[in-house]
Amino acid sequence: MLVFHQISVLQEHLKQLRNQGLTVGFVPTMGALHQGHISLINQAKAQSDIVVCSIFVNPTQFNNAHDLAVYPRTLEADSQMLDTAGCDILFAPPAEEMYPKLPTMKFDFGALETVMEGAFRPGHFNGVGIVVSKLFHIVQPDKAFFGQKDLQQCAVISCMVNELSFHLELVICPTQREEDGLAMSSRNRNLSPEQRAIAPFLYQALNYAKASLLQDKKVSEVKTELAEFLKNIEGIELEYFEISDFDTLQPFHGTLSQNSGGGKIALCIAAFLGKTRLIDNIII
């Protein structure tokens, strides 16, 4: 695996590969890799000639200084994981390479920014849009691979790709889970043993809510039930639970039988375990 830290050197190498007619698959990450990330690498390998993974803890998408400070940075271990997985290229730029000066432009993703992560993390998706657009311009991949766990991020990036006419295909891959159902996340390593033991209740709560919706209960009733369920589990502080239209991520109301369009419904949750914030979702 080749490792690059400078944009210009990486771009020159990728130009040579593209001149040979090779396709490029791209997996952008913030490091602290786990098997969920490796599943994306595997998907990229299956669909591309060359796989590029970036590791960059992007400061512009953190609206919580503590979250940025404690975000795990494990570049050496990450590099070994990627090499073992068969990744071809690692791009790990320092902050000054990506941001010689702080960006002044702003992204506005409209209604996508008014709900869930957008509502609770103001400015977050602006930071995501800036760094992902920069990475797309740098790498110029044929395909880019993201995980469904970050569903709203996927929607934001899809919006950006479409409206800015990026010449690439987004591939959204299923959420990878631990044996007890907990969605794999770099933040899981910040959980204490006690917190890790109760974290799977988030996925259980989503499945209880799914079962209730399939019984044609009203959204308002299901949301109340889930909040009551988690209130009884000491150590979990629910931030939000939303039942949304999958395509727009705007709130869904009523019951499933009233879903005249027949589209998919997303059940999305965010909660704190101590200072660690976890998100998850399931689709029906």
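Refer to the structure printed above.
Presented here is an overview of the structure given in this document. (Residues numbered from 1 in each chain as written. Predicted model: local features only at pLDDT ≥ 70, side-chain atom pairs only at ≥ 80, totals over all residues. Heavy atoms only, no water.)

Considering all chains together, one arrives at two cavities of 30 Å³ or more under this definition. In this structure, the largest cavity occupies an estimated 830 Å³ of space. Taken together, 50 residues form the lining of the largest cavity, with His37, Lys149, Asp150, Gln153 and Arg187 sitting closest to its centre. The set of elements that each furnish at least two residues to the lining of the largest cavity consists of β2 (24-29), α2 (35-47), α7 (124-139), β5 (143-147), α8 (151-163), β8 (265-273) and β9 (276-283). Broken down by element, the lining of the largest cavity gets its largest block of residues, six residues, from α7. Taken together, the residues of the lining of the largest cavity break down into 23 nonpolar, 19 polar and eight charged. (1 Å grid on protein atoms, 1.4 Å probe; cavity = no way out; pocket = protein on both sides within 12 Å on 5 of 7 lines; lining within 4 Å. Points joined across faces, edges and corners; volume = space filled by probe spheres on them. Helix = DSSP H or I, 4+ residues; strand = E, 2+ residues; numbered from the N terminus. Nonpolar A, V, L, I, M, F, W, Y, C, P; charged D, E, K, R; others polar.)

Considering only enclosed or pocket space, the largest pocket measures out at about 190 Å³ in volume. Contributing to the lining of the largest pocket are Leu112, Leu151, Ala155, Ser158, Cys159, Phe246, Asp247, Thr248 and Gln250. Each residue belonging to the lining of the largest pocket can be placed in one class, and the counts come to five nonpolar, three polar and one charged.

What follows concerns the sheet that holds strand β1 (residues 2-4). With parallel pairing, the six strands of this open sheet are ordered in space as β1-β4-β3-β2-β5-β6. With one partner strand each, in any of the chains shown, β1 and β6 (169-173) form the two edges of the open sheet. When strand polarity is set aside, the average angle formed by the axes of neighbouring strands in this sheet is 25 degrees. Along the sheet, helix α1 (residues 7-19) contacts β1, β2, β3 (50-55) and β4 (89-91); its crossing angle with β4, the most-contacted strand, is approximately 150 degrees. In this fold helix α4 (residues 75-85) packs onto β3 and β4, with an angle of close to 165 degrees to the strand it touches most, β3. (Pairing = 2+ DSSP bridges. Axes fitted to C-alpha atoms, helices over the stretch in contact; angles between N-to-C directions. Contact = heavy atoms within 4.5 Å.)

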